[in-house]
Amino acid sequence: MRAFWTVVHRWVGLITAGFLFLTGITGAVISWDHELDDWLNPHLVEAHTQGSAQSPLLLAEQIEARYPEIAVRSLPLFVEEGESLVFGVAPRVDPVTQKLFEPGFNQVFVDPVSGEELGKREWGAVWPLSKETFVSFLYKLHYTLHLPEMWGIDRWGIWLLGIIAILWMFDCFVGAYLTLPARKRSQLKAGDRQASDDALADDMVIVSKSFWQRWQPAWKIRMGAGPYKLNFDLHRAVSLWTWGILFIVAFTAFSLNLFREVFHPMMNTFSQVTPTPFDQRERTPKHEPVTPELSFAEVIAIARADAQARGWEEPAGSVFYAQNFGIYGVQFFHPEADHGVGGVGHKRLYYDAVDGRYLGDRQPWKGTAADIFIQAQFPLHSGRILGLPGRILISVLGLVVAMLSVTGVYIWWKKRIARSKQLARADPAATRRVELLFSAQRRD
């Protein structure tokens, strides 16, 4: 049985190694996405004009006047001193082609005082890669691989990495099992009539101690024992020490990437998941966005009145429009609370874009057991549930995942060479074939 699981661990590891190396490295970097993006692009995020800030709604109108082919779809309602305002934009439908325009950008940065445009960019763009798009490129690479749309579906990369996450979860248990020492039979048999109950009990204690003594080396790293043993110990010991966190990251990667397809239905079998407005209506085709009848100003006014009636203390901090659902969302939070308490996000109120009808709300850490568990997935995956220490932990863990991928492949390669040489010794006629194989690999 142990030999079978060794083969399973080997092939699952080889299948997932490249993907986990990539997501580990990118995950370590994007734990600091905001800080890194600000550092790379001060010309976009810093505003230096002194004076009173203009209304974000007025600035949004100015952007749409400059670029008739786009519409503002998200905007902040806070103006922080020394910082620019970033507006999310989306293309309108070209009346000639009946397809969406391709403006080449989806974010516009504006000085809130002067109204000057500081720059624009395509968040998540694959090419051309620049310092403006570098962080968003890594962020999107982390969970989509930037696989292109095919047959009208743009989720191939998301699905693929979701499947890799399932294999990773499974392999967490296989790998942990393989670190256990082989079972040792008791010297006294339970069926031996001459063995007393006390003797059997004493023997179980001896076996138990022996088990833990034999397992201890799996948790240690031998220094100065050669490159192979060092790689093997790093792979085995670090996996054991970080096993719990590795499994959490693998599980949350699965839940986030396969949320609609697998995770949401699965959670509904255990507890009732409160449907969101997005679950209750069909998404329109990409090139057929819903034209809103209500303006941002009208929706914000309705939302502020509703929030006051609910007794919410947080002010309206931002507003967005999901144009393929016809849904407005108004978020309520205090300034500088970018990700909400524990990274779970903000309070939200949803409204129909045509008639202003209230569609629902979202309140962090509230709802059914399934609702709360679902809300915890991103905070757990990003480490934000523990604040700054959690982000540091996840960043380090990303490097650990990359290291485990490299050491796993190294161990497989060294064993493959050893098996080939052993086979050649057992079959002298095959020696020449092995030599030719390795000489060809060296030339390549």
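The structure contained in this document is the topic of the report that follows. (Residues numbered from 1 in each chain as written. Predicted model: local features only at pLDDT ≥ 70, side-chain atom pairs only at ≥ 80, totals over all residues. Heavy atoms only, no water.)

**Topic: a negative patch on the surface**
Inclusion rule: Note that patches include only residues with greater than 30% relative accessible area and no salt bridge, and the join distances are 9 Å for like charges and 5 Å for nonpolar side chains (Val, Leu, Ile, Met, Phe, Trp, Tyr). Accessible surface is estimated by sampling points in the Shrake-Rupley manner with a 1.4 Å probe; for residues, cover comes only from the protein chains shown. Salt bridges are identified by distance alone: a Lys or Arg side-chain nitrogen within 4 Å of an Asp or Glu carboxyl oxygen. Charge assignment: positive for Lys and Arg, negative for Asp and Glu; neither His nor the chain ends contribute. A charge is said to be at NZ when it belongs to Lys, at CZ for Arg, at CG for Asp and at CD for Glu. The helix and strand labels rest on DSSP assignments: H or I over at least four residues marks a helix, E over at least two residues marks a strand, and numbering proceeds from the N terminus.
Residues D38, E46, E83 and E336 make up a contiguous surface patch of negative charge. As for its position among the elements, D38 is in helix α2 (residues 33–40).

**Quick look at the sheet that holds strand β2 (residues 85–91)**
Here is the rule: Should DSSP find at least two bridges between two strands, the strands are taken to pair. Convention adopted: a line fitted to C-alpha atoms gives each axis, helices being fitted over their contacting stretch, and angles between N-to-C directions are expressed from 0 to 180 degrees. Whether two residues touch is decided by their heavy atoms; if any such pair falls within 4.5 Å, the residues are in contact.
Spatially, the 8 strands line up as an open sheet ordered β4-β3-β2-β1-β5-β6-β7-β8, and their pairing is antiparallel. Only two strands of the sheet have a single neighbouring strand rather than two, namely β4 (117–121) and β8 (358–362). Mean inter-strand twist for the sheet, computed between neighbouring axes without regard to direction, equals 25 degrees. With 4 bridges connecting them, β2 and strand β3 (residues 107–110) associate as antiparallel partners. Counted as the bridge partner of G88 is Q107 from β3. Along the sheet face, helix α11 (residues 296–310) touches β1 (70–76), β5 (316–322), β6 (327–332), β7 (347–352) and β8 and points at about 130 degrees away from the line of β7.

**Notes on helix α10 (residues 259–270)**
Here is the rule: Remark: exposure states derive from per-residue accessible area (1.4 Å probe, protein chains only) relative to the maximum for the residue type, with buried under 20%, exposed over 50%, and partly exposed in between. Throughout, the arc means the angular range of directions from the helix axis out to the C-beta atoms.
F263, H264 and M267 are the residues of α10 that are buried. Buried residues of α10 fall within an arc of 90 degrees about the axis and therefore sit on the same side. Residues of α10 that are buried make contact with α9 (243–257), α12 (369–375) and α13 (377–382).

**Points about the pairing of β7**
Where burial is concerned, most of β7 is hidden: 5 out of the 6 residues are buried. Summarising the sheet, β6 and β7 pair through 6 bridges and their orientation is antiparallel. For F332, the partnering residue across the bridge sits in β7 and is K347. Where β7 lies against β8, 4 bridges are found, and the strand directions are antiparallel. The residue bridging R348 from the neighbouring strand is R362, located in β8. The turn joining β7 and β8, which pair antiparallel and follow one another in sequence, is formed by 5 residues; a positive phi near 75 degrees is taken by G356.

**Focus on the packing of helix α6 (residues 156–179) against α9**
What counts here: To sort the angles, those under 35 degrees are grouped as roughly parallel, those over 145 as roughly antiparallel, those from 65 to 115 as roughly perpendicular, and the leftovers as oblique. Each crossing gets its handedness from the near helix: less than a right angle anticlockwise from the far helix is left-handed, clockwise is right-handed. Nonpolar residues are Ala, Val, Leu, Ile, Met, Phe, Trp, Tyr, Cys and Pro. Charged residues are Asp, Glu, Lys and Arg, and all others, Gly as well, are polar.
The contact between α6 and α9 brings their axes to 8 Å, and the two run at 155 degrees. Taken together, α6 and α9 sit at an angle that is classed as roughly antiparallel. The way α6 lies across α9 gives a crossing that is left-handed. Two secondary-structure elements touch here, α6 through G157, I158, L161, G162, A165, I166, W168, M169, C172, F173 and A176 and α9 through W243, L246, F247, V249, A250, F251, A253, F254 and N257. A breakdown of the residues in the contact of α6 with α9 according to their chemical character gives 17 nonpolar, 3 polar and no charged.

**What to know about the environment of A316**
Relative to the helices and strands, A316 resides in strand β5. With relative accessibility at 6%, the residue A316 sits in the buried group. Considering only alpha carbons, one finds A316 and F332, 16 residues apart in sequence, at a separation of 4.3 Å. In contact with A316, not counting residues within four places along its chain, are L77, F78, R304, V330, Q331 and F332.

**Section: the packing of aromatic side chains**
For clarity, the cut-off: Each Phe, Tyr or Trp ring, with Trp reduced to its six-membered ring, pairs with another whose centre is within 6.5 Å; inter-plane angles below 30 degrees give stacked pairs, above 60 give edge-to-face pairs, and intermediate values give tilted ones. Only lysine NZ and arginine CZ atoms are considered, and such an atom sits over a ring when it is within 6 Å of the ring centre and within 35 degrees of the ring normal.
Under the criterion given, the structure shown has 27 aromatic pairs. Measuring from centroid to centroid gives 6.2 Å for Y139 and Y143, while their planes differ by 85 degrees, and the two rings are edge-to-face. In this pair, Y139 and Y143 are both assigned in helix α5 (residues 134–144), 4 residues apart and thus about one turn of the helix distant. Y143 sits in the partly exposed class, given a relative accessible area of 27%. Between the aromatic rings of F173 and W243, the centroid separation amounts to 5.3 Å while the plane-to-plane angle is 75 degrees, which identifies the pairing as edge-to-face. Of this pair, F173 sits in helix α6 while W243 sits in helix α9, and the two are 70 residues apart along the sequence. Here the aromatic residues F173, W243, F247, F251, F254, F259, F263 and F373 are joined through ring pairs into a cluster of three or more. Over the ring of Y177 we find R2; its NZ or CZ atom is 5.8 Å from the centre of that ring. We note K120 situated over the ring of F105; from NZ or CZ to the ring centre the distance is 5.5 Å.

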